[in-house]
Amino acid sequence: MKTLVRLAAASAFLTVGLAIAETPAPSVAATPAAKVPVNPNVEEAKGIVKAFATQLQGELKAAIEEGGPVKAIGVCKERAPAIAAELSDKTGWQVKRTSLKTRNAELDTPDAWEQQVLTAFEQRKAAGEDVQTMAKAEVVETETGKAFRFMKAIPTGEVCLACHGSEINPKVAAALDEHYPNDQARGYRQGDIRGAFSLIKPL
Ligand code: HEC
């Protein structure tokens with residue numbers, strides 16, 4: 001994945017398509033919903049992201065309620081990559097999470113395209129854009145042909161602070177140190193961009 005050359009025309013189209021899809025319908029009924037161009041790849045990617053987020057958050061919440069955050073660390077460690085792998089198998093998309101400040105550097109380190117998009121997400125947030133709906137879609141050229149890439153920002157919610165915040169309980173911090181000696185994913189505040197879901201589909 002060294003040479004990700006941007007296909008300018010296609011990418012501009014997709015970016016615009018996504019922006020339109022993300023824009024709430026105008027209150028004046030001038031533009032019927034049917035006329036909004038829908039990109040099937042974007043819709044599919046969004047569905048996969050939703051399935052990933054819903055399942056992981058459900059399991060995380062259940063684990064915290066059952067055994068507290070220390071026990072839930074194990075769930076995150078085992079289940080996040082497992083759910084990603086299950087969805088990849090099921091859908092044919094490569095599904096992962098990534099971040100500018102990783103906890104699991106081995107799995108989640110961004111490649112050049114992801115790094116660029118994550119940096120742009122920070123700029124878009126600084127310019128006032130809502131992190132909840134922030135996303136990016138682009139067709140790129142890879143060594144094996146064209147691929148559709150999609151990223152969706154992951155906002156930091158209150159529940160995340162127990163393991164990604166700046167005042168982490170010492171027991172939780174010790175467990176994190178043990179599993180992730182090079183953990184960079186702490187010090188976040190609610191509303192920050194924790195990272196992103198990142199999906200690739202060969203075209
Ligand atoms: C119980 C502790 C815990 C909580 C609570 C938690 N996380 Fe994590 N998070 C982890 C662990 C552990 C990993 C590393 C998982 C792995 O090894 O794949 C991780 C990794 C991540 C990653 C992948 C990028 C990276 O840093 O490697 C993202 C994104 C992420 N968490 C977002 C969140 C969000 C958003 C929330 C709140 C909804 C949250 N986490 C809540 C423990 C937690």
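Residues numbered from 1 in each chain as written. Predicted model: local features only at pLDDT ≥ 70, side-chain atom pairs only at ≥ 80, totals over all residues. Heavy atoms only, no water.

Novice: Just to check I follow, could you spell out the pairing of strand β5 (residues 193–202) for this structure?
Specialist: A regular strand places its side chains so that they alternate between the two faces of the sheet. Judged by how many residues are buried, β5 sits mostly within the fold: nine of 10 residues are covered. As judged from the five bridges shared by strand β2 (residues 94–98) and β5, these two strands associate in the antiparallel manner. Counted as the bridge partner of Arg97 is Phe197 from β5. Pairing of strand β4 (residues 145–155) with β5, which is carried by nine bridges, proceeds in the antiparallel orientation. (Buried < 20%, exposed > 50% of the residue type's maximum accessible area, 1.4 Å probe, protein only. Helix = DSSP H or I, 4+ residues; strand = E, 2+ residues; numbered from the N terminus. Pairing = 2+ DSSP bridges.)

Novice: What's the story with the nonpolar core in this structure? I'm lost.
Specialist: Counting residues in each nonpolar core, the largest one holds 21 residues, and the members touching the most others are Phe52, Trp93, Val95, Phe148, Phe150, Phe197 and Leu199. For this core, the elements supplying multiple residues, two or more each, are α2 (40–91), β3 (135–142), β4 and β5. With 11 residues, α2 is the single largest residue contributor to this core. Once residues within four sequence positions are removed from consideration, Phe197 is found in contact with Val49, Phe52, Ala53, Lys96, Arg97, Phe150, Met151, Lys152 and Ile154. With 13 residues, the next largest nonpolar core counts Phe121, Val140, Ala153 and Ala196 among its residues. (Core = buried A, V, L, I, M, F, W, Y, C linked by side-chain atoms within 4.5 Å. Contact = heavy atoms within 4.5 Å.)

Novice: Looking at this structure, I do not really get the confidence of the model for the chain. What am I missing?
Specialist: Close reading of the predicted structure is inappropriate where its pLDDT is low. Per-residue confidence for the chain averages 86 on the pLDDT scale, and 82% of its residues sit at or above 70. Averaged over each element, pLDDT in the chain is lowest for strand β1 (residues 5–6) (40) and highest for helix α4 (residues 112–126) (98). Predicted confidence for residues 1–31 stays below pLDDT 50, and this span has 46 contacts to residues more than four positions away or in other chains. (pLDDT = per-residue confidence, 0-100.)

Novice: How should I be thinking about the side chain of Ser99 in this particular structure?
Specialist: You can see Ser99 is positioned in the loop between β2 and α3 (105–108). Relative accessible area serves as the criterion here: at 5%, Ser99 is assigned to the buried category. A distance of 2.9 Å separates a polar atom in the side chain of Ser99 from the backbone oxygen of Arg194. When residues no more than four places from it in sequence are discounted, the contact partners of Ser99 are Asp108, Pro110, Leu118, Tyr188, Arg194 and Gly195. (Polar contact = N/O pair within 3.5 Å; in protein donor to acceptor, adjacent residues only side chain to side chain.)

Novice: It is not clear to me how the site of the ligand should be interpreted in this structure. Could you clarify?
Specialist: Around the ligand sit 23 residues, and of these Asp108, Cys160, Cys163, His164 and Tyr180 come closest. At 2.8 Å, a backbone N or O of Arg103 approaches an oxygen atom of the ligand. Measuring from an oxygen atom of the ligand, one finds a side-chain N or O atom of Arg194 at 2.8 Å. Sorting the residues of the shell around the ligand by element identifies α2, β4 and α5 (161–164) as the ones contributing at least two each. Top element by residues in the shell around the ligand is α2. It accounts for eight residues. (Near = heavy atom within 4 Å.)

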